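What follows is each chain in one-letter form.
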Amino acid sequence: MIDSHVHLDRHEFGGRGLEVAERARAAGVGGFLNVGYDLPSSRASVELAAAAPDIWATVGVHPHDALQLADAEGRLHAEGRALLEALATLAGNPRVVAIGEIGLDFFRDLSPRPAQRAALAAQLELAAAVGKPVVFHVRDAWAEIMPFVDTCGLPPRRGVLHAFSGDEAVVDWALARGLRLGIGGVVTYRQSRLPEMVARAGVEHLLLETDAPWLPPVPHRGECNEPARLGLVLDRVAGILQMNPGDVERWTDAGFTALFLDRGDASP
Ligand SMILES: [Zn+2]
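Quick summary incoming for the structure in this document. Quick caveat: nothing in here was measured; it's all calculated off a predicted structure.

## Things to note about the nonpolar core
Thinking step 1. Core analysis: the biggest nonpolar cluster contains 75 residues, and Phe 136, Leu 161, Phe 164, Ile 183 and Val 237 have the highest contact counts within it.
Thinking step 2. Element by element, the count of residues in this core is highest for helix 4 (residues 113-130), at eight residues.
Thinking step 3. Non-local contacts of Val 237, meaning those with residues more than four positions away in its chain, are made with Ile 183, Val 187, Val 198, Leu 206, Leu 208 and Val 248.
Thinking step 4. Residues Trp 56, Val 97, Phe 256 and Leu 261 belong to the second largest nonpolar core, which totals 13 residues.

## Describing the pairing of strand 6 (residues 159-162)
Thinking step 1. In this structure, strand 5 (residues 134-139) lies alongside strand 6, joined through four bridges in parallel fashion. Residue pairing in the sheet places His 137 in a bridge with His 162 of strand 6.
Thinking step 2. In this view, the connection linking strand 5 to its parallel neighbour strand 6 by way of helix 5 (residues 142-152) has right-handed handedness.
Thinking step 3. Here strand 6 pairs with strand 7 (residues 180-183) via two bridges, running parallel. Directly across from Leu 161, in strand 7, lies its bridge partner Leu 181.
Thinking step 4. In the classification by handedness, the crossover that spans strand 6, the intervening helix 6 (residues 168-176) and the parallel strand 7 is right-handed.

## Looking at the pattern of salt bridges
Thinking step 1. In this structure the tally under the stated criterion is 16 salt bridges.
Thinking step 2. Across the salt bridge formed by Arg 25 and Asp 54, the nearest N and O atoms sit 2.6 Å from each other. Within this pair, whereas Arg 25 is found in helix 1 (residues 17-26), its partner Asp 54 is found in the loop between helix 2 (39-51) and strand 3 (55-59), the two being separated by 29 residues in sequence.
Thinking step 3. Taking the relative accessible area as the measure of exposure, Arg 25 reaches 26% and is therefore partly exposed.
Thinking step 4. The exposure class of Asp 54 is buried, given its relative accessible area of 15%.

## Details of the coordination of the zinc ion
Thinking step 1. Around the zinc ion, the donor atoms from the protein are His 5 (NE2), His 7 (NE2), Glu 101 (OE) and Asp 211 (OD), and they sit 2.1 to 2.8 Å away.
Thinking step 2. Between the donor residues of the zinc ion, the gaps in sequence give the motif H-x1-H-x93-E-x109-D. On the criterion of sequence distance, the pair formed by His 7 in the loop between strand 1 (2-6) and helix 1 and Glu 101 in strand 4 (residues 96-105) is long-range, its members being 94 residues apart. There is no split in this pair, since His 7 and Glu 101 are both buried.

## Details of the packing of aromatic side chains
Thinking step 1. Within the structure shown, the criterion is met by three aromatic pairs.
Thinking step 2. Aromatic pair Trp 56 and Phe 256: ring centres 5.8 Å apart, planes at 50°, arrangement tilted. Here Trp 56 is found in strand 3, whereas its partner Phe 256 is found in helix 9 (residues 245-260), with 200 residues between them in sequence.
Thinking step 3. A cation over a ring is seen here: Arg 113 above Phe 106, with NZ or CZ 3.9 Å from the ring centre.
Thinking step 4. The ring of Tyr 189 has Arg 221 lying over it, and the distance from NZ or CZ to the ring centre is 3.5 Å.

## Notes on empty space enclosed by the protein
Thinking step 1. Inspection of the entire model under this criterion finds one cavity of 30 Å³ or more.
Thinking step 2. Approximately 30 Å³ is the volume attributed to the largest cavity.
Thinking step 3. Taken together, Ala 163, Phe 164, Gly 184, Gly 185, Val 186, Leu 194, Glu 209 and Leu 215 make up the lining of the largest cavity.
Thinking step 4. Grouping the constituent residues of the lining of the largest cavity by class yields five nonpolar, two polar and one charged.

## Thoughts on the side chain of Thr 188
Thinking step 1. With respect to the helices and strands, the residue Thr 188 is situated in the loop between strand 7 and helix 7 (194-201).
Thinking step 2. Since its relative accessible area comes to 15%, Thr 188 is described here as buried.
Thinking step 3. One polar contact links the side chain of Thr 188 to the main-chain carbonyl oxygen of Gly 185, over a distance of 2.7 Å.
Thinking step 4. With residues up to four places along the chain from it excluded, the contact list for Thr 188 reads Pro 217, Val 218, Leu 232 and Arg 236.

## Let's talk about the layout of surface pockets
Thinking step 1. Of the volumes computed, that of the largest pocket is approximately 820 Å³.
Thinking step 2. Around the largest pocket, the lining comprises 30 residues; the ones closest to its centre are His 137, Arg 139, Ala 163, Asp 211 and Leu 215.
Thinking step 3. Every element with two or more residues in the lining of the largest pocket is listed here: strand 4, strand 5 and helix 7.
Thinking step 4. The leading source of residues in the lining of the largest pocket is strand 5, at three residues.

Rules of the game
- Residues numbered from 1 in each chain as written.
- Predicted model: local features only at pLDDT ≥ 70, side-chain atom pairs only at ≥ 80, totals over all residues.
- Heavy atoms only, no water.
- Core = buried A, V, L, I, M, F, W, Y, C linked by side-chain atoms within 4.5 Å.
- Buried < 20%, exposed > 50% of the residue type's maximum accessible area, 1.4 Å probe, protein only.
- Helix = DSSP H or I, 4+ residues; strand = E, 2+ residues; numbered from the N terminus.
- Contact = heavy atoms within 4.5 Å.
- Pairing = 2+ DSSP bridges.
- Right-handed = clockwise from strand over helix to strand, strands pointing away.
- Salt bridge = Lys/Arg side-chain N within 4 Å of Asp/Glu carboxyl O.
- Donors = N, O, S within 2.8 Å, 3.2 Å for Na, K, Ca; no water.
- Phe/Tyr/Trp six-rings, centres within 6.5 Å; stacked < 30°, edge-to-face > 60°.
- Lys NZ or Arg CZ within 6 Å of the ring centre and 35° of its normal.
- 1 Å grid on protein atoms, 1.4 Å probe; cavity = no way out; pocket = protein on both sides within 12 Å on 5 of 7 lines; lining within 4 Å.
- Points joined across faces, edges and corners; volume = space filled by probe spheres on them.
- Nonpolar A, V, L, I, M, F, W, Y, C, P; charged D, E, K, R; others polar.
- Polar contact = N/O pair within 3.5 Å; in protein donor to acceptor, adjacent residues only side chain to side chain.

Okay, here's the thing in structure tokens:
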């Protein structure tokens, strides 16, 4: 199985991201997408991808850090333009398979919303320009992001809604546009409505992820998450879909390969 969203470079792993990956391989994880969220983490992702053939990288600026690209009124500034150029250069590396994580986060609202919108629009344009898909981070902003993305336009290679938390309307919107849903540890939480959304979408539209070091699945809540726990997500998804885990693994691996590695069709 492939962890489609992980942050092996985070300080929580104390610089031992490659050891964390090795533990995950021993638990059956055969690929990792290490996701950038600002310039340093994007560079770190590219370095990790250079160190192991089963690690790929994304580069991008998270909505929390949108002020690095735009001002509070939503205008790109000179430093932001330089940062976009640096991201474009990094994205030329063939091991960089997507732009992300990008999006809107109105839950924490760590950046002014106009800046978040401008950062998202600029990076959707970047993804189209470099011919890569996107990794979206969306929190408490579903009603806004759907029309926003429809207006800006999705890059031709499409993308994934990481840590999916939308409702039925968002599932239908995403599937109609060829977006995949990233499903992680939240699917194991008792209060979550995510299992209903997983069933609505169907396996061919799902990718598995841990978002480690965050969002640990049950029974590890409160701990630092690791990609070695991806099997708990896989088993839960298989249970919801009443499929055997091996089939879910094949479908989600094929979905990852089709989206990010631009190879093959999306069926196993
Ligand atoms: Zn993330």
